[in-house]
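# What the coordinates show
Each chain, written out:
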Amino acid sequence: MPADAQARIAIAVTGASGAIYATRTLAALLSRGVHVELVISEYGRRLLHDELGEAAHVERLLPFLTEKYGGDVRSGVLTVHSNKDLGARIASGSHGCRGMAIVPCSMKTLAGVAHGLSRNLVERAADVMLKERRTLVIVPRETPMSLPQLKNMVLCAEAGAMILPAMPAFYQRPKTLDDLADFMAGKILSALGFDHDLYPAWTGQVDREEP
Ligand SMILES: Cc1cc2nc3c(=O)[nH]c(=O)nc-3n(C[C@H](O)[C@H](O)[C@H](O)COP(=O)(O)O)c2cc1C
C-alpha cells in the first residue's frame, strides 16, 4: 500500500496562470496514494484548457495525469466536486480532510478567503481549514501586486494559512517547464507534510555543471 494511502487532501484550482503547478501537485499526491478531493473554479477550468490543452479537461484529467506523469497516479483516488456544491463533504469541518492547497490561487479567490466569504466550494473549504486550524496552502500568482492583494495575503497568513507564492527557484538549474513545476509541487507537498523527491535537497552549494 502506498505511504499515504489514508490521507485526504483538498486541492483547489482557480483562474490564475500556472495550471502545470496544479497538475504536477495532483500527480505527486495521487502517486503517493492520497485521496484528493478536487474542486476547480470556472476560470480554473479555462486555465487548464488554455495552458495545457483539450486533453487536460476535467473530465479527462486522470488519463491526462497518467499519460504525463505515469501510471503511479492510479495509486490514489481522485474525487471531483462542483464549485457550486456547498454541501460537498469538504464544506464541513467534520470531514477528515487534513489539509488543502489552492494552486494556483487567483487574486479574486485570495480576496474571498481573506474575508471569509465562502461564496463557492473553494472559498468554503478554505474557510473550513482555517476554522479547524488545519493546513491551508495558498499559491498566489499575480504580478505586480496591488496593496489590497498584498493585504489579503497578510490577512490569510494571520488566519493561519501558508502563503507559498508561485515563485520557482533557479539554483537547481531547471531545464524544462516540468522542472519548474516539480519545484513548486515539491514545496507544496512539503507544506502539506509529505516527503517527496521532486527536487534535489539543497546541499549548500550549486552544482557547477555548465548551464
Ligand atoms: C488566461 C488568464 C490568465 C489569468 N491569470 C491570472 C493570474 O495569474 N492571476 C490572477 O489573479 N488572475 C488571473 N486571471 C483572472 C482570473 O481568472 C479572474 O479574476 C477570475 O474571475 C478568477 O476567478 P476564480 O478565482 O473563481 O477562478 C486570468 C484570467 C485568464 C483568462
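Right, let's walk through the structure included here.

About the cut-offs
Residues numbered from 1 in each chain as written. Predicted model: local features only at pLDDT ≥ 70, side-chain atom pairs only at ≥ 80, totals over all residues. Heavy atoms only, no water. Pairing = 2+ DSSP bridges. Helix = DSSP H or I, 4+ residues; strand = E, 2+ residues; numbered from the N terminus. Contact = heavy atoms within 4.5 Å. Axes fitted to C-alpha atoms, helices over the stretch in contact; angles between N-to-C directions. Buried < 20%, exposed > 50% of the residue type's maximum accessible area, 1.4 Å probe, protein only. Right-handed = clockwise from strand over helix to strand, strands pointing away. Phe/Tyr/Trp six-rings, centres within 6.5 Å; stacked < 30°, edge-to-face > 60°. Disulfide = S-S within 2.5 Å.

## Some points on the sheet that holds strand β5 (residues 135-140)
The 6 strands are arranged β3-β2-β1-β4-β5-β6 in an open sheet whose pairing can be described as parallel. Each of the sheet's edge strands pairs with one partner strand only, and the pair in question is β3 (77-81) and β6 (162-163). Contacts from helix α4 (residues 107-114) reach β4 (99-105) and β5 within the one sheet, and its direction differs from that of β4 by about 145 degrees.

## With respect to the pairing of strand β2 (residues 35-40)
On any regular strand, side chains alternate: one points to one face of the sheet, the next to the other face. Burial of β2 is extensive: 6 of the 6 residues sit out of reach of the surface. By the alternation rule, side chains of β2 split into His35, Glu37 and Val39 and Val36, Leu38 and Ile40, which are all buried. Here strand β1 (residues 8-13) pairs with β2 via 6 bridges, running parallel. Within β2, the position partnered with Arg8 by the bridge is His35. One crossover worth recording links β1 to the parallel β2 by way of helix α1 (residues 19-31), and it is right-handed.

## Brief notes about the packing of aromatic side chains
In this structure the tally under the stated criterion is 3 aromatic pairs. Between Phe183 and Tyr199 the ring centres are 4.9 Å apart and the planes differ by 35 degrees, which places this aromatic pair in the tilted class. Taken as a pair, Phe183 in helix α7 (residues 177-191) and Tyr199 in the segment after α7 lie far apart in primary sequence, 16 residues in all. Under the relative-accessibility criterion, Phe183 is labelled buried at 4%. Counting every residue linked through ring pairs, the aromatic cluster contains Tyr171, Phe183, Tyr199 and Trp202.

## A short note on the state of the cysteines
Evaluated as defined, the whole model comprises 0 disulfides. Here Cys97 is not cross-linked by a disulfide; its sulfur's nearest cysteine counterpart is in Cys105, at 16 Å. The structure places no disulfide on Cys156, whose sulfur is separated from the nearest cysteine sulfur, that of Cys105, by 7.4 Å.

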